[in-house]
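Structural characterization, general
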Amino acid sequence: MSGRERILGRVRRALADVPPDDTPYEQVVRRDYLREHGDRTVGQTVELLAENLADYRAVVHRCTEGELPSLIARLLTEREAGSVLVPPGLETGWLAGTRVTRVADRAESTPDDLDRVDSVVTACAVAIAETGTLVLDGGPDQGRRRISLVPDHHICVVRVPEQVVSSVPQALERLDPGRPLTWISGPSATSDIELDRVEGVHGPRTLEVVLVG
Amino acid sequence: MSGTFIGMPVFPPPTHPAFPKAAREAVRNPTLRGNLRHATHTIRAKRAKAVAELSDWDRLREAGRLIKDHTLRHLERHLLRLEESVTAAGGTVHWAADADEANRIVAGLVKATGESEVVKVKSMATQEIGLNEALEAEGIRAYETDLAELIVQLGKDRPSHILVPAIHRNRGEIRDIFREEMGRWGRPAPEGLTDTPAELAEAARLHLREKFLRAKVGISGANFMVAETGTLVVVESEGNGRMCLTLPETLISVVGIEKVVPTWRDLEVFLQTLPRSSTAERMNPYTSMWTGTTDEDGPSAFHLVLLDNGRTDTLADQVGRQALRCIRCSACLNVCPVYERAGGHAYGSVYPGPIGAILSPQLRGTESEIDASLPYASSLCGACYEVCPVAIDIPEVLVHLRERVVEGGVTVRQGNKVVLKPAKGHAAERAAMRAARWTFSHPGALRTGQRLASRTRRLQPRTLPGPGKAWSGTRDLPAVPAEPFRDWWQRTHGGKDGAE
């Protein structure tokens, strides 16, 4: 007998005491919990996002669409970045203010190639205010999962208020489970040493978030 | 029903000493107690604050309970749907009835790639089945990449907490382990390494980075598997998970069958309750979700190994099956007064603390010395139930398992019904209970006995002789009152109803 048949047979026998039940799943689970916590205006939701991002040690910047190229240029200069990874669909204007060497997000790049790049600039799919979370879904302006992982400095651009939701339930509604998703809440961190939080173990040690709008 | 007496521990055979013995050693170690006390109290206070931010916590907890219970009641349907979705998304599903089968499958998959090294993201399931040791026997070296797991692996130690496996080590001990052991596994610790957490984390980063960048095979567990979509979810903090899940060409995930949830929407409950219950954060730094394989992004081959290893036996127990709701947040460990003093190692399994005390004896059976002692590793204070985000009534299951240990009876092991004999060590307890049963059903004898006890109260010892000695070794005998309650009632109320 295969492992599959053996396990499924055991499951059936183990549940022999459970009466058959045809109630639809959506009626069984009461979803009377909140869709979002608190009553906020759109502006307050964006403000909460900024606060919660900063609380987990992301560096938050705000600017208008027009100021974005010069802000990104300044952040790369302050970081003394020699090279920057660029997802294929990133808006070309965003990097118009900088002359830092651009490295394309290519399938054939090895992890070692990516490790030699200083910074990465991406967009995001959605941002969650209550938890201070950015979600990347691998879209053309975000690139492969690894490009926001290997370089030590990540600049993520969020369009406010369009890309901001209040809560986790609202974020899941907007996301496509068929895409690879990366949820980022602050930079890489560990609390494994006496529960002291230390930023940066394997992912980027610096996360800068630019709220544009 | 075919009844088979299982006299020997079945699988795996735990040779760990019983909980009281292991705990006695642990409570005499002041460093360990200090480390544990600091850690559990810190995280306990933070968790309460994080939970208080959500005014609908009780409703989220109830929804989590209902989702998990429904899933378990219809487990076959959800597992089949999961298999279909994962396969449709380009993954391959394997089924492993026990640890041996799972280890064989994983070793075979690694060998097929031609690799002899794998990187691992922390996984309770692979620890439970002893995967690292099984791979080592096949000539495959597995590198743990979670910082705490790295500390444990380099220190040739065992994890002592679900979430913070090196919680029993302080920074000085960690520095010493890094200095002495890192060089044997790869890049040595930097010269002059101090014990500041930032420097220790940096040393781990440098040491592991060379492994991540060359790894061709990654091994993980998963926090959730969505039947509807075939999506797997891993929740972590350091980015080692993302490294293992995205850089290798082949990804093998070993996941217990109870980790399935029916729908995508169900994640909205657990992604709110898990981080706040475990690390006491609004959200953990990184969560990865993948559905099969994605062209040119992440591993090109994905294998899911669905693990039973005692879970269906647990499912067969009408009281005990609720332990399978567990989402491994570890909140119950951090509030447990017994865990805080005894530490994780005393529990003799990868699942320590209150949840371990009910999960291990169900996954492995109660036949071994350690597993028969685990249902007693609790004061039944109920704090674990209060904090559990899926409302597992741990005290209820503890009492149920105590009854099984003392009385024996019918249970399920490896899919077969077996009859357990009463445990040997509890003969005195059973005799006492039999005597009590007779006495309480003979009111005259009870009255005479109580009066006699009151009159001789000054002569009675504070400890018990004979088989009762062990019990009174850690407790004082209650003082006998000067007058039995029944006599007092008769005297003050004259046998009439006090409400008059």
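It should be emphasised that the depicted structure is a prediction, and the values quoted were computed from it without experimental measurement.

Considerations on the UniProt feature "domain: LUD" (unreviewed entry) in chain A
UniProt tags residues 47-212 of chain A as "domain: LUD" (unreviewed entry). For residues 47-212 of chain A, the end-to-end C-alpha separation is 13 Å, with 19% helix and 30% strand making up the annotated structure.

Overview of the pattern of salt bridges
All names here are of chain A. Scanning the model with the defined rule gives 61 salt bridges over all chains in all. Arg35 is the salt-bridge partner of Glu173, the closest N and O atoms lying 2.8 Å from each other. Of this pair, Glu173 sits in helix H6 (residues 168-174) while Arg35 sits in the loop between helix H2 (25-28) and helix H3 (42-55), placing them 138 residues apart in sequence. You can call Glu173 exposed: its relative accessible area is 59%. Judged by its relative accessible area of 28%, Arg35 falls in the partly exposed class.

What about the sheet that holds strand E6 (residues 231-236) of chain B?
The strand order E8(A)-E5(A)-E6(A)-E9(A)-E9(B)-E6(B)-E5(B)-E8(B) describes an open sheet built from eight strands, whose pairing is mixed. Looking at which strands have only one partner, the edges of the open sheet turn out to be strand E8 (164-165) of chain A together with strand E8 (260-261) of chain B. Here four bridges tie strand E9 (residues 181-184) of chain A to strand E9 (residues 286-291) of chain B, and the two strands are oriented antiparallel to one another. Paired with Ile184 of chain A across the two strands is Tyr286 of chain B, which belongs to E9 of chain B.

Notes on the domain arrangement of chain B
Its domain assignment divides chain B into domain 1 (19-312) and domain 2 (426-494). The C-alpha centroid of domain 2 of chain B is placed 51 Å from the C-alpha centroid of domain 1 of chain B.

Here's the deal with the pairing of strand E11 (residues 409-413) of chain B
All names here are of chain B. Where E11 meets strand E12 (residues 416-420), five bridges bridge the pair, whose relative direction is antiparallel. If you follow Gly409 over to E12, its bridge partner there is Leu420. Count of turn residues in the E11/E12 antiparallel hairpin: two residues, of which Gln414 carries a positive phi of about 50°.

Comments concerning the packing of aromatic side chains
Following the criterion strictly, the structure yields eight aromatic pairs over all chains and no others. Taking the centre distance of 5.7 Å and the plane angle of 35° together, the rings of Phe485 of chain B and Trp488 of chain B count as tilted. With Phe485 of chain B and Trp488 of chain B both in helix H23 (residues 485-493) and three residues apart, the pair spans about one turn of that helix. Assessed through its relative accessible area of 34%, Trp488 of chain B is described here as partly exposed. Pairwise contacts between aromatic rings join Phe19, Tyr339 and Tyr347 of chain B into one cluster. In this structure, Arg197 of chain A packs its charged tip against the face of Tyr56 of chain A, placed 5.0 Å from the ring centre.

Each value, and the rule that gives it
Residues numbered from 1 in each chain as written. Chains lettered and ligands numbered in written order. Predicted model: local features only at pLDDT ≥ 70, side-chain atom pairs only at ≥ 80, totals over all residues. Heavy atoms only, no water. UniProt positions renumbered as here; feature names shortened; annotations may be inferred. Helix = DSSP H or I, 4+ residues; strand = E, 2+ residues; numbered from the N terminus. Salt bridge = Lys/Arg side-chain N within 4 Å of Asp/Glu carboxyl O. Buried < 20%, exposed > 50% of the residue type's maximum accessible area, 1.4 Å probe, protein only. Pairing = 2+ DSSP bridges. Domains from an automatic or database assignment. Phe/Tyr/Trp six-rings, centres within 6.5 Å; stacked < 30°, edge-to-face > 60°. Lys NZ or Arg CZ within 6 Å of the ring centre and 35° of its normal.

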